[in-house]
Amino acid sequence: MGVHNNVHVPKDSWPAFAWYAIEFFIVMAVGVLVAVNSMDYFTKLGFSQDMTNWIFWGIVGIPFLAYYMIVRPLLFRRPALKI
């Protein structure tokens, strides 16, 4: 078989945006799990369904703020491998 010089080989075999998507969905899953586990407390306090919906999504937002404002900047401030 001959060599074809018209074949495009990308620099990376895995697209870079996929890492951001994986990171987003991991943080989202953690937020949803924390919110689901804490909703029993708020329903026992007697909040209405409308209010518990707001509380649920507010609790989901807390890990986003914590990760993207505090943890992620600290992780990527320094290089991971220093040679």
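Quick note: structure is the one above.
A few points on the structure. None of the values given here were measured: they were computed from a predicted structure.

Turning next to the packing of aromatic side chains. Tallied over the entire structure, the rule returns seven aromatic pairs. Their ring planes at 75° and their centres at 5.3 Å tell us that Y41 and F42 sit as a pair that is edge-to-face. Of the aromatic side chains, those joined through ring pairs into one cluster are F24, F25, F64, Y67 and Y68.

Turning our attention to helix 2 (residues 49-75). With 27 residues, helix 2 extends 38 Å between its outermost C-alpha atoms, agreeing within 8% with the 39 Å of an ideal straight helix rising 1.5 Å per residue. Of all the bends in helix 2, the greatest measures close to 40° and is centred on Y67. Of the residues making up helix 2, those classed as buried are T52, I55, F56, I59, V60, P63, F64 and Y67. Looking at the buried side of helix 2, the elements it contacts are helix 1 (16-44).

Glancing now at a nonpolar patch on the surface. Together, F24, F25, L65, Y68, M69, I70, V71, L74, L75 and F76 make up an exposed nonpolar region whose accessible area comes to about 1,000 Å². Put simply, the parts of the chain that give the nonpolar patch at least two residues each are helix 1 and helix 2. With seven residues, helix 2 is the largest single contributor of residues to the nonpolar patch. Relative to the helices and strands, L75 resides in helix 2. Assessed through its relative accessible area of 51%, L75 is described here as exposed.

The subject of this paragraph is the environment of T52. Looking at the secondary structure, you find T52 in helix 2. The exposure class assigned to T52 is buried, which follows from its relative accessible area of 6%. The residues contacting T52, other than those within four sequence positions of it, are M39, T43 and F47.

Two elements in contact, helix 1 and helix 2, have axes separated by 8 Å at closest approach and are oriented at 140°. The pairing of helix 1 with helix 2 is recorded here as oblique in orientation. With respect to the hand of their crossing, helix 1 and helix 2 are arranged in right-handed fashion. Residue composition of the contact of helix 1 with helix 2, by class: 19 nonpolar, four polar and two charged.

Membership of the largest hydrophobic core is limited to ten residues, which are V27, A35, M39, F42, I55, F56, I59, V60, F64 and Y67. Of all the secondary structure elements, the ones that give two or more residues to this core are helix 1 and helix 2. Ranked by residues supplied to this core, first place goes to helix 2 with six residues. Ignoring any residue separated from it by four or fewer positions in sequence, one finds I55 in contact with M39, F42 and F47.

The rules behind the values
Residues numbered from 1 in each chain as written. Predicted model: local features only at pLDDT ≥ 70, side-chain atom pairs only at ≥ 80, totals over all residues. Heavy atoms only, no water. Phe/Tyr/Trp six-rings, centres within 6.5 Å; stacked < 30°, edge-to-face > 60°. Helix = DSSP H or I, 4+ residues; strand = E, 2+ residues; numbered from the N terminus. Expected span 1.5 Å × (residues − 1). Bend = angle between axes of the 7 residues up to and from the residue. Buried < 20%, exposed > 50% of the residue type's maximum accessible area, 1.4 Å probe, protein only. Contact = heavy atoms within 4.5 Å. Patch = residues over 30% accessible without salt bridge, like charges linked within 9 Å, V, L, I, M, F, W, Y side chains within 5 Å. Areas by Shrake-Rupley, 256 points an atom, 1.4 Å probe, with all protein chains shown as cover. Salt bridge = Lys/Arg side-chain N within 4 Å of Asp/Glu carboxyl O. Axes fitted to C-alpha atoms, helices over the stretch in contact; angles between N-to-C directions. Parallel < 35°, antiparallel > 145°, perpendicular 65-115°, else oblique. Left-handed = near helix turned anticlockwise from the far one by under 90°. Nonpolar A, V, L, I, M, F, W, Y, C, P; charged D, E, K, R; others polar. Core = buried A, V, L, I, M, F, W, Y, C linked by side-chain atoms within 4.5 Å.

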